[in-house]
Amino acid sequence: MNDVFQTETSAEAGKLAPGRMVLVVGPSGAGKDTLMGALKDKLSASESVVFARRAITRQADANAEDHDTLSREDFQSLVSAGDVALSWEAHGLGYVIPKTYDSAIQSGKTVIANGSRKVLQRASEKYETAIVLLITAPVDVLAERLSARGRESREDIEARLKRADLEPQNVPNLIRIENTGTVDTAVKAIIAALDL
């Protein structure tokens, strides 16, 4: 019997194991990208943690997340074939966490990926251990950070924050990190919460 078969049969109802899928979510302005960059640097020597690189149906942008670009046709093809770890659509874009990260989970690694509230249920159905890492901050702090970016008007920011789901409901394995202190403090809290 091979190791993959043993791993799959030991998982709850065929869910992928023994590793973990950690999906990072949170409202705009919470500092997700900053914290994930610092966490990746801090854990660069770890062989048990993998940071997922997403594929998105938009061109690379120096001011946005570092990602692979795929066409809308390639996105639809991958999703239709089930050749993804996770996928979702938001804001007119398609997002993919590549299937290669499922192999990392099957080999016992922790995969950390930028996620979306839209895919949390699917992740909990697919992985034996799916963790939601919610990065957040009080609304006034979020508004101040978004305003400092200079991308949106005050009215747009207020509308965005009213739409934001600051506290996802009915989410198993939720870890909440309030990002109001230093980056180092938040990174230490994440490492402790995930036992990395």
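Up top is the structure these notes are about.
Before going into details, it helps to say that this report is about the structure given with it. Every value quoted in this text rests on a predicted model; they were computed, and no experiment measured them.

Quick look at the overall build of the chain
Phase 1 of the analysis: For the chain, the count of helices and strands is eight helices and nine strands.
Phase 2 of the analysis: In the chain, buried positions account for 43% of the 196 residues.
Phase 3 of the analysis: Contacts in the chain between residues at least 24 apart in sequence constitute 69% of all its contacts with a sequence separation of at least 6.
Phase 4 of the analysis: Carbon together with sulfur atoms contributes 46% to the accessible area of the chain, which is approximately 10600 Å² in total.

Remarks on the sheet that holds strand β9 (residues 174-178)
Phase 1 of the analysis: With parallel pairing, the five strands of this open sheet are ordered in space as β2-β7-β1-β8-β9. Across the chains shown, the open sheet's two edge strands, defined by having one partner strand only, are β2 (49-51) and β9. Pairwise comparison of adjacent strand axes, ignoring direction, gives a mean angle of 20° for this sheet.
Phase 2 of the analysis: With five bridges joining them, strand β1 (residues 20-25) and strand β8 (residues 130-136) adopt parallel strand pairing.

What about the pairing of β8?
Phase 1 of the analysis: Across the seven residues that make up β8, a large majority, seven, are buried.
Phase 2 of the analysis: Where burial is concerned, the two faces of β8 agree: the one with Ala-130, Val-132, Leu-134 and Thr-136 and the one with Ile-131, Leu-133 and Ile-135 are both buried.

Quick word on helix α2 (residues 32-42)
Phase 1 of the analysis: Every buried residue of α2 is accounted for by Lys-32, Leu-35, Met-36 and Leu-39. For α2, the angular spread of the buried residues around the axis is 100°, confining them to a single face.
Phase 2 of the analysis: On its buried side, α2 packs onto β1, β2, β7 (110-114), β8 and α8 (183-194).

A word on the pattern of salt bridges
Phase 1 of the analysis: Under the definition given, this model contains five salt bridges.
Phase 2 of the analysis: A salt bridge links Arg-72 to Glu-89, with the shortest nitrogen-to-oxygen separation between them at 2.9 Å. Of this pair, Arg-72 sits in helix α3 (residues 72-81) while Glu-89 sits in strand β5 (residues 84-90); the two residues are 17 residues apart in sequence, bridging distant segments of the chain.
Phase 3 of the analysis: Note on Arg-72: relative accessible area 28%, which makes it partly exposed.
Phase 4 of the analysis: Its relative accessible area of 40% is what places Glu-89 among the partly exposed residues.
Phase 5 of the analysis: In this structure, Arg-176 engages Glu-178 in a salt bridge whose closest nitrogen and oxygen atoms are separated by 2.7 Å.
Phase 6 of the analysis: Assessed through its relative accessible area of 40%, Arg-176 is described here as partly exposed.

A few points about the sheet that holds β5
Phase 1 of the analysis: Strand order in the open sheet formed by four strands is β4-β3-β6-β5, and the pairing between neighbours is mixed. The sheet terminates laterally at β4 (68-69) and β5, the two strands that pair on one side only.
Phase 2 of the analysis: Across six bridges, the pairing between β5 and strand β6 (residues 93-98) is antiparallel. In the sheet register, Ser-87 faces β6, and the bridge partner there is Val-96.
Phase 3 of the analysis: Packed on one face of the sheet, α3 meets β5 and β6 and runs near 130° to β5.

Let's talk about the packing of aromatic side chains
Phase 1 of the analysis: One pass over the structure, following the stated rule, counts one aromatic pair.
Phase 2 of the analysis: For the pair Trp-88 and Tyr-95, a centre-to-centre distance of 5.5 Å together with 5° between the ring planes defines the contact as stacked.
Phase 3 of the analysis: The exposure class assigned to Trp-88 is buried, which follows from its relative accessible area of 6%.

Digging into unusual backbone geometry
Phase 1 of the analysis: At the junction of Ala-17 and Pro-18, the peptide bond is cis and its omega measures out at 5° in the coordinates.
Phase 2 of the analysis: Tracing the backbone shows Pro-18 in the loop between α1 (3-10) and β1.
Phase 3 of the analysis: In this structure, Asp-195 is a non-glycine residue whose phi angle is positive, near 55°.
Phase 4 of the analysis: Among the structural elements, Asp-195 can be located in the segment after α8.
Phase 5 of the analysis: For Asp-195, a relative accessible area of 68% corresponds to the exposed category.

Conventions adopted
Residues numbered from 1 in each chain as written. Predicted model: local features only at pLDDT ≥ 70, side-chain atom pairs only at ≥ 80, totals over all residues. Heavy atoms only, no water. Helix = DSSP H or I, 4+ residues; strand = E, 2+ residues; numbered from the N terminus. Buried < 20%, exposed > 50% of the residue type's maximum accessible area, 1.4 Å probe, protein only. Contact = heavy atoms within 4.5 Å. Areas by Shrake-Rupley, 256 points an atom, 1.4 Å probe, with all protein chains shown as cover. Pairing = 2+ DSSP bridges. Axes fitted to C-alpha atoms, helices over the stretch in contact; angles between N-to-C directions. Arc of directions from axis to C-beta. Salt bridge = Lys/Arg side-chain N within 4 Å of Asp/Glu carboxyl O. Phe/Tyr/Trp six-rings, centres within 6.5 Å; stacked < 30°, edge-to-face > 60°.

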